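If you want the building blocks of each chain, they are given just below.
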Amino acid sequence: MKVVVGLSGGVDSSVTAYLLKQQGHDVVALFMRNWNDASVTLEDECPWIEDSNDALMVAQKLGIPFQVIDMSELYKERIVDYMFAEYEQGRTPNPDILCNREVKFDVFMKTAMSLGADKVATGHYAQVTSTVDENGKEVFHLLAGKDNNKDQSYFLCQLSQDQLSKALFPIGELTKPQVREIAKEIGLVTADKKDSQGLCFIGKVSLPQFLQQQLIPKEGEIVEVFKDSPLFSQEVPVFSSKKEELEFLSQKINYKKEDGKVIGKHQGAQFFTIGQSKGLGIGGHKESCFIVSRDMENNILFVGEGHQFPGLFRKALKINNAELHWVREDLRLQNGESMEVVARIRYRQPLQKATLYQFEEAFYIEFEEPQSAMAEGQFAAWYKDDELLGSGVIA
C-alpha cells in the first residue's frame, strides 16, 4: 500500500514513518510548510527550517522519498484569518482542530491522493478501526490513543467518515515513552526532540503579539465581580420543558460595569479568553483572579477571585445545529432524542458524564457536574467509552 506520511520533524511522525516502512508499505514523506513569519514566534522555539531539516534527515535515514509542500497561503486563509476573526468577536477558537479538518485531512490529504497514495498517516495519538453495518457499509470508529497522557482524539473531532477512511495513526497504540524508545533504538535525530507547543505548525507564539498583527490594542477596564453578588443568588425558575431548562442552564451571565468594581486596565478584550488568569496584572488578592466574561462592545473584562468563583461555572452548553458535527453520522440524534455520553470542552480535560439533547432549534450538552470556563468558540467533543462520536462549537 502506498502511504504518504505528514513528516513534521518531530519524533511522533518520524516513528510513524518508520513503523509503516517496517510493515512493508511504500512510504513517501511530505513536509508541510505552513508559516513563513518568524517575527511572532518566541526565540527559543525552532523555526520551520530546522523542522524541515530534521524531517529530511529522518527520511534519508529511513530511505524514503521526501518533499516539501508550501501551504502557507492556504494556512493563513483557513486557519490564521479564522483565528483573528474569532478573537475579534470575543470567541476562543481552537486552531489545531481546524488545522486537522481544513489542512492536514483536506488539502494535504488531497495532495497525497493526487500522488497516488492509498492512505495518509500522521503522528497523532489516536486510533481508527472499522466495522461493517447490516447494510454492508463500512463504518469508521475514531478511538482515543492508548496513552491517556497523550490522547489526541479531541484534535481530530471534526473529521468525517470519508477522511477517517483514508487515515492511519500507527503510533495510536503506543505510549510516548515507547515511541521515544523506538526512535532511540534506530538512531533517529528526533529521538530526544522536545514536543512542539503553541499553534499548529507555527510553533510557540506570544498570542497577544500574534493577534496584534491585525487586532488593534484598545485600553479598557477590568471589573471585579464579588462572590456575594446578587447575580449568583437568584432563584432558579420553574421550567415548562426540558428545552427551556437547558436554555437557562446554558446562558452566560451578562455582567454590567455596576455589578462590580473597577480594579485595573487592559489593552483589549479580544486578547483574552474566559478562564484566563495570566497577563492581567492584578495584585492584592489571596487567590488569582480569573476572567468570567468579556463585554466586547464596551471593551470590559469581568473577573472573579479564585478557582471556585461561581461565575466561572455552567451546567450546560448550547451548540447551534449549523456548527454540529457527527463523526458517527449513523448515531446522529433526531429532534427530541437524547443520549448519555462522556464529554470534554478542552484538550486534556478528564471526560465528564453528560447527556446530549437534540431539539429542532439547537443542540445541548448537560453535564452531571457544572463545568468551569466554558468559552464561546471552543469545541465540545463527546464519547461513548473511548470512541469519539461527534463535536460542535460552543455557542
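See the structure above.
From a predicted model like this one, the values you see are computed outputs, not experimental measurements. (Residues numbered from 1 in each chain as written. Predicted model: local features only at pLDDT ≥ 70, side-chain atom pairs only at ≥ 80, totals over all residues. Heavy atoms only, no water.)

Some thoughts on the environment of Glu-369
So, step 1. Position of Glu-369 relative to the elements: it lies in strand S16 (residues 362-372).
So, step 2. You can call Glu-369 partly exposed: its relative accessible area is 48%.
So, step 3. Separated by 55 residues in the primary sequence, Glu-369 and Arg-314 place their C-alpha atoms 8.7 Å from one another. (Helix = DSSP H or I, 4+ residues; strand = E, 2+ residues; numbered from the N terminus. Buried < 20%, exposed > 50% of the residue type's maximum accessible area, 1.4 Å probe, protein only.)

Some points on the packing of helix H1 (residues 11-22) against helix H6 (residues 176-185)
So, step 1. Running from N to C, H1 and H6 cross one another at 65°; their axes reach a closest spacing of 9 Å. The angle between the axes of H1 and H6 places the two elements in the roughly perpendicular class. Regarding H1 and H6, the two cross each other, and that crossing is left-handed. The segment H1 lies against H6, with Val-11, Asp-12, Val-15, Tyr-18 and Leu-19 engaging Lys-176, Val-179, Arg-180, Ile-182 and Ala-183. (Axes fitted to C-alpha atoms, helices over the stretch in contact; angles between N-to-C directions. Parallel < 35°, antiparallel > 145°, perpendicular 65-115°, else oblique. Left-handed = near helix turned anticlockwise from the far one by under 90°. Contact = heavy atoms within 4.5 Å.)

Notes on the pattern of salt bridges
So, step 1. Tallied over the entire structure, the rule returns 25 salt bridges.
So, step 2. Among the salt bridges present, the one from Glu-376 reaches Lys-252, with a minimum N-O distance of 2.7 Å. Of the two residues, Glu-376 sits in the loop between S16 and strand S17 (379-384) while Lys-252 sits in the loop between helix H8 (242-250) and strand S9 (261-266), which places them 124 residues apart along the sequence.
So, step 3. Given the relative accessible area of 24%, Glu-376 is considered partly exposed.
So, step 4. Overall, the relative accessible area of 36% leaves Lys-252 in the partly exposed class.
So, step 5. When the shortest N-O distance is used, the salt bridge between Lys-315 and Glu-366 registers 3.8 Å. Taken as a pair, Lys-315 in strand S12 (residues 313-320) and Glu-366 in strand S16 lie far apart in primary sequence, 51 residues in all.
So, step 6. Judged by relative accessible area, which is 28%, Lys-315 ranks as partly exposed. (Salt bridge = Lys/Arg side-chain N within 4 Å of Asp/Glu carboxyl O.)

Examining the sheet that holds S9
So, step 1. Read across the open sheet, the 4 strands follow the order S9-S8-S11-S10; overall the sheet is mixed. The open sheet has two edge strands, S9 and strand S10 (289-295), and neither has a second partner. Direction aside, the axes of adjacent strands within the sheet are offset by 30° on average.
So, step 2. Note that S10 and strand S11 (residues 300-305) share 6 bridges and pair antiparallel. (Pairing = 2+ DSSP bridges.)

Let's talk about the nonpolar core
So, step 1. Residues Val-103, Phe-108, Leu-142 and Phe-379 are the most contacted members of the largest nonpolar core, which totals 66 residues.
So, step 2. Ignoring sequence-local partners within four residues, the contact set of Phe-108 consists of Val-4, Val-5, Gly-6, Leu-30, Met-32, Ile-69, Met-71, Val-103 and Val-120.
So, step 3. Membership of the second largest hydrophobic core comes to 26 residues, among which are Leu-20, Ala-59, Ile-64 and Tyr-125. (Core = buried A, V, L, I, M, F, W, Y, C linked by side-chain atoms within 4.5 Å.)

Remarks on H1
So, step 1. Spanning 12 residues, H1 covers 16 Å between terminal C-alpha atoms, matching the ideal 16 Å at 1.5 Å per step.
So, step 2. Counting buried residues along H1, 10 of its 12 residues qualify, which places the element largely inside the surrounding structure.
So, step 3. What H1 keeps buried is the set Val-11, Asp-12, Ser-13, Ser-14, Val-15, Thr-16, Ala-17, Tyr-18, Leu-19 and Leu-20.
So, step 4. Count one or two residues on from H1 and you reach Gly-24, which has phi positive near 90°. (Expected span 1.5 Å × (residues − 1).)

A short note on the pairing of strand S18 (residues 387-393)
So, step 1. For S18, the tally of buried residues reaches 7 of 7 residues, placing the bulk of the element in the interior.
So, step 2. Looking at chain direction, strand S13 (residues 324-326) and S18 are connected through 3 bridges and run antiparallel. By the bridge assignment, Leu-324 is partnered in S18 with Gly-392.
So, step 3. Here S17 pairs with S18 via 6 bridges, running antiparallel. By the bridge assignment, Phe-379 is partnered in S18 with Val-393.
So, step 4. The turn linking S17 back onto S18 is made up of 2 residues, and Asp-385 within it adopts a positive phi angle of 55°.

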